[in-house]
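Now for the letters of each chain:
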Amino acid sequence: MKFKKILPQLLTLLFIVLIFGFFTMNAQENMDTRGIEFGFGFLKQEASFDIQFSLIDYDGSHSYARAYLVGLLNTLLVAFIGIILATLLGAVVGIARLSPNYLIKKTASFYIEFFRNIPLLLQIFFWYFAALRALPMPEDAPLLLNSSFMTIKGLYAPAPIWTNFNIFFITLIIAMILIFFFSRYAKKKQEIEGKQLPVLLISSTIFIGLPLLTFLIGGVDLSFSFPVIRQMSQSSYTFDGGFKIPPELIALTLALTLYTATFIAENVRAGIQGIGKGQKEAAASIGLTPSQVLKLVIMPQALRIIIPPTTNQYLNLTKNSSLAAAIAYPDLVLVFAGTAMMQTGKAIEIVGITMATYLTISLAISLLMNWYNKRIAIQEK
Amino acid sequence: MIKVNLLKPDNKNLSLFLSLGSLFFVLGIFDFYSNNFLNTNITSFLPRIINFFTPLIFSVIGLHFFRIEFSGVKILDNINKNINTSNFNAVLSVIIILLIIFALPPLLNWLIFDANIAGDTKEACTGGGACWVYIKVWFNRFMYGMYPNAEQWRINVTFIAVLAFMAAGFFVPTRLRNYLSFYYTILLPIISFILIYYIISGGSFGLEWVETGAWGGLSLTFIVSFFSLIFCFPLGMMLALGRRSNLPVVKYSSISFIEFWRGVPLITVLFMSAVMFPMFLPDGTYVDKLIRVVVAITLFEAAYTAEVIRGGLQALPRGQYDAAKSLGMGYWKMHIFVILPQALKLVIPGIANTFLALIKDTPLIFVVGLLEVVGMLNLAKANPKWLGFSMEGYVFAGTIFWIICYSMSKYSQNLELKYKTDR
Amino acid sequence: MFKYLKQLTSLVAMVAVLFAFTTETMAAKKSKTLKNTQKKGFVRCGVSQGLPGFSNADAAGNWTGVDVDVCRAVAAAVLGDANKVKFTPLSAKERFTALTSGEIDILSRNTTWTLSRDADIGLTFVGVNFYDGQGFMVRKDSGITSTSQFKNGISACTNIGTTTELNMRDFFNSKGISYEPVAFEKADEVVAAYDSGRCDTYTTDKSGLAAQRTKMTNPNDHIVLPETISKEPLGPVVRQGDAVWEDIVRWSLNVMIEAEEYGINSTNADSMKTSDNPQIKRLVGSEGELGAAFGLDNDWSLRIIKQVGNYGESYKRNIADTGILPDRGPNQIWTKGGLLYVPPAR
């Protein structure tokens with residue numbers, strides 16, 4: 001009997017070993033004929049190329065490894081902003097989809113059906129090559145909110161200049177810890193005594209008030225450096241001061257948010273609709289208002305249905321951010337698997353590292369969400 | 001003395017409230033319309049901020065007067081129930097109505113009324129609207145890529161033939177129905193491949209050889225999607241079964257395969273197939289670019305399909321497995337005749353989603369140099385004779401994809417309803 | 001026991017197939033690019049995705065350009081007909097891997113000859129068919145007439161993964177100017193970004209600037225600045241490891257240049273067979289056995305000159321007459337003051 005189980009496994013193993021062996025053998029042979037070396041030593045070499053947008057200090061004299069880091073941080077930046085915005089927009093649209101108001105419901109459906117059925121690459125191209133290219137040149141750009149300019153070269157916004165930022169930051173952390181403990185205390189109090197404390201109100205006061213206090217007594221100061229137009233030649237202008245968000249980043253984030261939010265909206269809708277009508281009716285029968293029903297009864301249960309497919313969407317968003325290679329946003333794929341690979345020629349190593357990076361990010365997000373899933377599942381009584 | 005409470009419209013003074021409501025509502029809409037389209041501002045004597053919001057304020061006041069509970073007028077009650085249940089709702093509804101008024105006329109103007117479609121050259125686009133002449137002139141390229149004009153009938157013939165073979169499955173006599181799955185998973189891919197190889201690629205029977213680099217446009221989208229679909233489905237099934245198997249080697253190799261392909265973006269997979277994969281083949285062998293791309297996309301989508309099918313397999317009650325085993329069915333018999341038919345019915349929406357995602361992923365093949373619709377769009381956009389018409393191109397491509405994807409999702413919803421076997 | 005016969009047979013079959021496959025490929029290694037080309041009946045040439053003057057396809061699909069002419073010369077030499085070439089348009093990213101993987105046999109895509117490309121990635125440069133340098137293009141109405149007028153904060157568009165990207169950094173660093181690099185993969189996207197105003201300047205090889213200017217909305221609104229900031233010797237590339245093919249491509253290009261040096265062109269090539277100059281006679285094949293060194297017949301160089309023309313003819317019809325770069329600059333025969341000095345074909 002055991003033989004029956006061993007033979008298929010042996011076959012599979014042999015198959016896998018043969019395939020891998022075949023590939024490795026060929027690769028080795030090819031590299032020998034061409035005189036190409038396999039190795040990761042190139043990571044220490046000087047990159048010699050500059051990157052347009054970087055969160056950390058970087059210029060061409062740094063190594064390829066640092067260029068990799070810049071690309072990775074840019075990818076994570078887009079993913080982070082995209083996830084937050086897509087979640088907000090998706091939640092709003094998902095709830096709007098269930099509204100009794102006919103116009104709102106139809107608008108939400110229209111939005112979902114429209115943006116879901118057009119390929120993401122086409123949307124990115126549209127936003128970058130059509131929409132953002134139609135923006136005015138710096139000298140013609142109108143002043144927004146008395147401080148910023150939206151131009152074809154990017155969004156120029158005032159940059160904050162802090163003094164004593166660490167004090168402000170520490171106070172912020174302290175405020176968050178206080179809010180955490182306060183909400184736990186309020187929950188316990190509600191379970192024991194039934195009294196509800198205005199958690200939201202008090203938390204907001206602490207969150208806003210405490211850091212603001214540091215301005216008065218902590219010596220923290222915030223001033224802004226505003227973008228000021230400067231003429232570079234007879235027909236081209238730029239802005240000094242402030243900070244600049246490149247249009248590539250704006251187009252990518254916009255497209256990713258609008259696209260992913262449709263899927264998240266559908267998940268939210270499925271989650272809320274998945275709660276049995278009995279829950280809503282029971283909650284109403286004990287006198288809760290509709291918004292209380294949503295907040296206290298529906299959402300906690302709906303979250304359990306919403307979270308797993310939504311984490312899938314977060315993963316998709318992170319992977320889709322690799323489409324930045326199609327427009328000039330310097331994310332991991334463009335910087336590392338694009339420029340670095342073309343300059344060094346080390347295709348196997350670089351593509352391998354890039355794929356390994358994305359695998360790690362995917363696994364990390366999956367593990368995180370699995371942990372969160374288990375945590376909220378346990379609370380079921 | 002009839003009590004009129006302006007803050008609480010009731011149906012005792014129906015005509016009064018109706019007229020008040022219509023007056024304010026129409027005033028608000030007219031104000032907005034005149035602000036934006038007639039360039040006159042009837043409330044310009046008010047300070048700037050209030051002036052900006054007067055259309056909103058007027059319309060909301062109008063809707064407030066309309067909000068009569070149980071007015072007895074059917075249309076009014078319907079409207080109230082749908083868009084006017086509270087002030088908050090009224091505000092939202094008015095905003096949406098105003099947005100529609102703001103956006104729709106210029107859009108229609110650009111799309112239809114000011115657009116040009118007659119003519120052959122750039123100069124024929126005289127209106128301020130869309131230049132559909134551009135699409136008309138490039139239509140062949142968008143559909144067939146760089147395929148020589150004289151040979152495009154070959155693509156048409158092949159597609160019709162493949163569709164005919166696919167539809168033939170519906171007309172078989174009942175005694176051959178058992179072989180349908182065999183037909184679809186094995187015979188049809190082989191027949192389609194032969195058709196495409198001999199007719200579209202050519203090279204024999206007197207047909208001129210057209211290299212795969214010249215294929216492009218929407219026909220290439222269909223070819224790539226079709227073959228990836230056909231091959232990723234059986235592969236996904238095998239992986240799903242493998243993942244659920246008891247043999248550790250099979251199980252863990254399936255898991256690693258699936259998790260690997262699901263964790264990397266498609267664009268890196270395509271990079272790999274274009275740039276890395278040739279190194280893994282023996283010196284001198286050269287695999288055609290299109291085949292490499294189809295293999296890459298197939299492997300990629302097979303992992304997602306495997307997860308979807310696995311969901312279906314998991315959702316089946318254990319009783320099915322036990323009952324099949326108690327009838328003496330072996331592993332394969334049990335799966336082919338009992339488990340898979342039920343599981344596949346459950347996961348139809350999931351599979352349709354995967355197929356939709358596949359079609360939406362095909363534009364990425366531009367990274368290997370194959371130009372399907374979006375790629376041809378970018379090529380046409382850069383032609384010096386036709387600069388400046390990128391918007392028309394995007395609208396055109398967006399419309400095509402939207403029609404395809406929307407129809408597919410509606411069809412899958414229909415399928416789901418049709419095959420819904422409630423237990 | 002016989003139940004497992006099915007599985008055993010499939011196991012044996014799989015091993016046999018794979019074994020046969022690998023032994024077959026070991027045997028196939030002995031064939032060279034020349035043999036493959038002659039068997040296939042056409043030369044596989046990798047070119048750009050559309051650069052007027054160098055490699056550009058017209059609406060009917062016919063390719064013309066000086067890079068195209070190099071491949072046509074090889075086809076004339078090896079296969080007897082300059083039209084037996086299949087052109088594969090390649091992006092900058094896949095150009096080298098297409099060559100090393102065997103998708104193409106010659107890369108003639110105005111590629112700059114650098115040390116790292118020659119030594120590091122398994123390729124060999126076989127000559128220079130265009131001496132060029134990197135330059136900048138700006139809009140006329142900006143009033144800039146020299147790169148010394150560039151100010152801090154300038155945005156420069158270019159292609160990723162090219163020598164241009166690296167040289168641009170060296171240039172701006174040496175002038176101490178802070179700049180914003182905007183790098184796209186496709187040349188068309190770079191041109192569109194510069195044309196729309198996203199970038200203030202466009203930088204690449206000066207020949208590329210001149211060629212791409214014809215693709216802009218208003219070509220006359222742009223000027224190429226006079227400064228040349230780097231050396232860009234552009235030439236054809238082949239795979240490392242096939243010495244005979246290398247030589248064929250190298251000497252096909254050299255023949256075109258040397259033919260112009262001796263005044264042989266496509267119209268008078270036949271009449272030159274009876275010339276007094278022995279070098280001319282060698283070039284047109286009426287003396288010597290030069291073709292045998294490559295395994296070709298002796299008319300190989302005559303075919304090149306007659307079907308493709310000499311270097312000057314190629315330059316004239318592709319670059320000078322189309323208005324891209326009427327002045328040959330350094331791309332002139334050394335006897336007339338240019339840089340084209342090739343070893344003698346003897």
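Residues numbered from 1 in each chain as written. Chains lettered and ligands numbered in written order. Predicted model: local features only at pLDDT ≥ 70, side-chain atom pairs only at ≥ 80, totals over all residues. Heavy atoms only, no water.

## Comments concerning the overall build of chain C
The cut-off we apply is this: The secondary structure listing takes helices from DSSP runs of H or I that are at least 4 residues long and strands from runs of E that are at least 2 residues long, numbered from the N terminus. Only heavy atoms matter for contacts: two residues are in contact if any of them lie within 4.5 Å across the pair. Surface accessibility in these figures is a Shrake-Rupley result with a 1.4 Å probe; residues are shielded only by whichever protein chains are displayed. All tallies of charge rest on Lys and Arg as positive and Asp and Glu as negative; His and the ends of each chain are not included. Where a charge lies is defined by one atom per residue type, namely NZ (Lys), CZ (Arg), CG (Asp) and CD (Glu).
In terms of helices and strands, chain C carries 12 helices and 12 strands. Along the longest, intermediate and shortest principal axes, the C-alpha atoms of chain C span 85 × 70 × 40 Å. Within chain C, counting contacts between residues at least 6 apart in sequence, those at least 24 apart form 70% of the total. Counting only carbon and sulfur atoms, one obtains 55% of the accessible surface of chain C, whose full area is about 13,700 Å². Within chain C, one finds 39 positive and 39 negative side-chain charges whose respective centroids are separated by 6 Å.

## Topic: the overall build of chain B
The cut-off we apply is this: Put simply, the radius of gyration uses C-alpha atoms, and a globule should come to 2.2 Å times the residue count raised to 0.38.
Secondary structure assignment for chain B yields 16 helices and 0 strands. For 423 residues, the compact-globule formula gives about 22 Å, and the C-alpha radius of gyration of chain B, at 30 Å, lies well above that figure. With respect to the three principal axes, the spread of C-alpha positions in chain B is 95 × 70 × 45 Å. A sequence separation of at least 24 residues applies to 66% of the contacts in chain B between residues at least 6 apart. Roughly 21,700 Å² of accessible area belongs to chain B as shown, and the carbon and sulfur atoms make up 69% of that amount. Charge centroids of chain B, computed over 31 positive and 21 negative side chains, lie 10 Å from each other.

## With respect to the domain arrangement of chain C
When the parts of a complex come together, some accessible area is lost, and that lost area is often taken as the interface size. Residues and elements named next belong to chain C. The line we're drawing: Per the annotation, domain bounds derive from an automatic or database assignment of domains. A quick way to say it: buried area is the sum, across both parts, of accessible area lost when two parts are put together, with a 1.4 Å probe. Between Lys or Arg on one side and Asp or Glu on the other, a salt bridge is scored when a side-chain nitrogen of the former is within 4 Å of a carboxyl oxygen of the latter. Nitrogen and oxygen atoms within 3.5 Å of one another constitute a polar contact, given that in protein one can donate a hydrogen and the other can accept it, and given that sequence-neighbouring residues count only through two side-chain atoms. Only Asp, Glu, Lys and Arg are considered charged, only Ala, Val, Leu, Ile, Met, Phe, Trp, Tyr, Cys and Pro nonpolar, and every remaining residue, Gly among them, polar.
Annotation of chain C at the domain level lists domain 1 (24–131 + 234–327) and domain 2 (134–230). Here domain 1 and domain 2 have C-alpha centroids that lie 30 Å from each other. Listed as interface residues are 16 residues of domain 1 and, on the opposing side, 13 residues of domain 2. Sorting the residues of domain 1 by area buried against domain 2 places Leu 51, Pro 52 and Ile 324 first, and these three jointly supply 30% of that buried surface. The interface formed by domain 1 and domain 2 includes 1 salt bridge. Taking the shortest distance from any N to any O, the salt bridge between Lys 93 and Glu 185 comes out at 3.5 Å. At the surface where domain 1 touches domain 2, the tally comes to 3 residue pairs in polar contact (both at pLDDT 80 or more). In terms of residue class, the side of domain 1 that touches domain 2 is made up of 7 nonpolar, 6 polar and 3 charged.

## A word on the state of the cysteines
For clarity, the cut-off: Pairs of cysteine sulfur atoms within 2.5 Å are what we label disulfides. Remark: exposure states derive from per-residue accessible area (1.4 Å probe, protein chains only) relative to the maximum for the residue type, with buried under 20%, exposed over 50%, and partly exposed in between.
Inspection of every chain in the model, using the stated rule, returns 2 disulfides over all chains. Between the sulfur atoms of Cys 45 of chain C and its disulfide partner Cys 71 of chain C the distance amounts to 1.8 Å. In this structure the cystine formed by Cys 45 of chain C and Cys 71 of chain C twists about its S-S bond by roughly 70 degrees; its chirality is therefore right-handed. Here Cys 71 of chain C lies in helix H3 (residues 66–79) and Cys 45 of chain C lies in strand S1 (residues 43–47), a separation of 26 residues in the sequence. Of the two residues, Cys 45 of chain C and Cys 71 of chain C, both sit in the buried class. Covalent S-S linkage joins Cys 157 of chain C and Cys 199 of chain C, the inter-sulfur distance amounting to 1.8 Å. Measuring handedness by torsion sign, the sulfur bridge of Cys 157 of chain C and Cys 199 of chain C sits at about 60 degrees and is right-handed. On the criterion of sequence distance, the pair formed by Cys 157 of chain C in strand S8 (residues 154–159) and Cys 199 of chain C in the loop between helix H7 (187–196) and strand S10 (201–205) is long-range, its members being 42 residues apart. Across the pair, Cys 199 of chain C and Cys 157 of chain C agree in class, each one buried. Each bonded cysteine of chain C is numbered by sequence order, and under that numbering the disulfide pairs are 1-2, 3-4. As a non-bridged cysteine, Cys 232 of chain B has Cys 405 of chain B as the owner of its nearest cysteine sulfur, 16 Å distant. For Cys 232 of chain B, a relative accessible area of 1% corresponds to the buried category.

## A few points about the interface of chain B and chain A
Listed by partner, the interface residues are 50 residues for chain B and 52 residues for chain A. Summing both partners gives a buried area of about 4,500 Å² for chain B against chain A, and 73% of it is carried by carbon and sulfur. Remark: the boundary between chain B and chain A carries 0 salt bridges. At the junction of chain B and chain A, the tally comes to 11 residue pairs in polar contact (both at pLDDT 80 or more). Here the side of chain B that touches chain A is built from residues that sort into 36 nonpolar, 8 polar and 6 charged.

## Section: the interface of chain C and chain B
Listed per partner, the contact involves 17 residues of chain C and 17 residues of chain B. Buried surface at the junction of chain C and chain B, both sides included, amounts to about 1,700 Å², of which 59% is carbon and sulfur. Of all residues in chain C, Glu 94, Ser 101 and Glu 103 of chain C give up the largest surface area on contact with chain B, accounting jointly for 25% of the area buried on that side. On inspection of chain C and its partner chain B, the count reaches 2 salt bridges.

## A few points about empty space enclosed by the protein
Definition in use: Detection works on a 1 Å grid of protein atoms alone, calling trapped sets that fit a 1.4 Å probe cavities and calling open sets with protein on both sides within 12 Å along at least five of seven lines pockets, with lining residues defined by an atom within 4 Å of a point. Grid points are joined across faces, edges and corners, and a volume is the space filled by probe spheres set on the points.
The tally for this structure, following the rule as stated, stands at 9 cavities of 30 Å³ or more. Here the largest cavity is characterised by a volume of approximately 180 Å³. Gly 345 and Ala 347 of chain A together with Phe 96, Thr 97 and Ile 121 of chain C are the residues nearest the centre of the largest cavity, which is lined by 13 residues in total. Those elements that provide at least two residues to the lining of the largest cavity are helix H10 (332–344) of chain A together with helix H4 (95–101) of chain C. The greatest single-element share of the lining of the largest cavity, amounting to 3 residues, is contributed by H4 of chain C. Taken together, the residues of the lining of the largest cavity sort by class into 8 nonpolar, 3 polar and 2 charged. Contributing to the lining of the second largest cavity are 14 residues, with Asp 50, Pro 330 and Leu 334 of chain A together with Glu 165 and Ala 183 of chain C lying nearest its centre. In terms of residue class, the lining of the second largest cavity is made up of 10 nonpolar, 2 polar and 2 charged.

## Some details on the sheet that holds strand S3 (residues 154–157) of chain A
Residue and element names in this part refer to chain A. Filter applied, for reference: When DSSP finds two or more bridges between a pair of strands, those strands are recorded as paired. The convention used is that axes are lines fitted to C-alpha atoms, helices contributing only their stretch in contact, and that angles between N-to-C directions extend from 0 to 180 degrees.
With respect to topology, 4 strands assemble into an open sheet ordered S1-S2-S3-S8, the strand pairing being antiparallel. Looking along the sheet, the strands with just one partner apiece sit at the ends: strand S1 (143–144) and strand S8 (243–245). In this sheet, S3 lies alongside strand S2 (residues 148–151) in antiparallel orientation, the contact comprising 3 bridges. Looking at S3, one finds that Met 150 is bridged to Leu 155. Helix H7 (residues 247–273) rests against S2, S3 and S8 of the sheet, and its axis sits at about 50 degrees to S8.

## Quick look at helix H13 (residues 331–346) of chain B
Residues and elements named next belong to chain B. What counts here: Fitting one axis to the seven residues ending at a residue and another to the seven starting there, the bend at that residue is the angle between the two axes.
Of all bends in H13, the biggest is about 45 degrees, found at Ile 339, and the proline Pro 341 comes one to four residues later. Buried residues of H13: Met 334, His 335, Val 338, Ile 339, Leu 340 and Ala 343, and no others. Contacts from the buried residues of H13 go to helix H8 (217–243), helix H11 (289–315) and helix H12 (318–326).

## Let's talk about the side chain of Lys 153 of chain A
The topology assignment puts Lys 153 of chain A in the loop between S2 and S3. Among the polar contacts listed, one links the side chain of Lys 153 of chain A to the side chain of Asp 200 of chain C, at a separation of 2.7 Å. Residues within four places of Lys 153 of chain A in sequence aside, it is in contact with Pro 138, Met 232, Tyr 237, Lys 244 and Pro 247 of chain A together with Ser 155, Gly 197, Arg 198 and Asp 200 of chain C.

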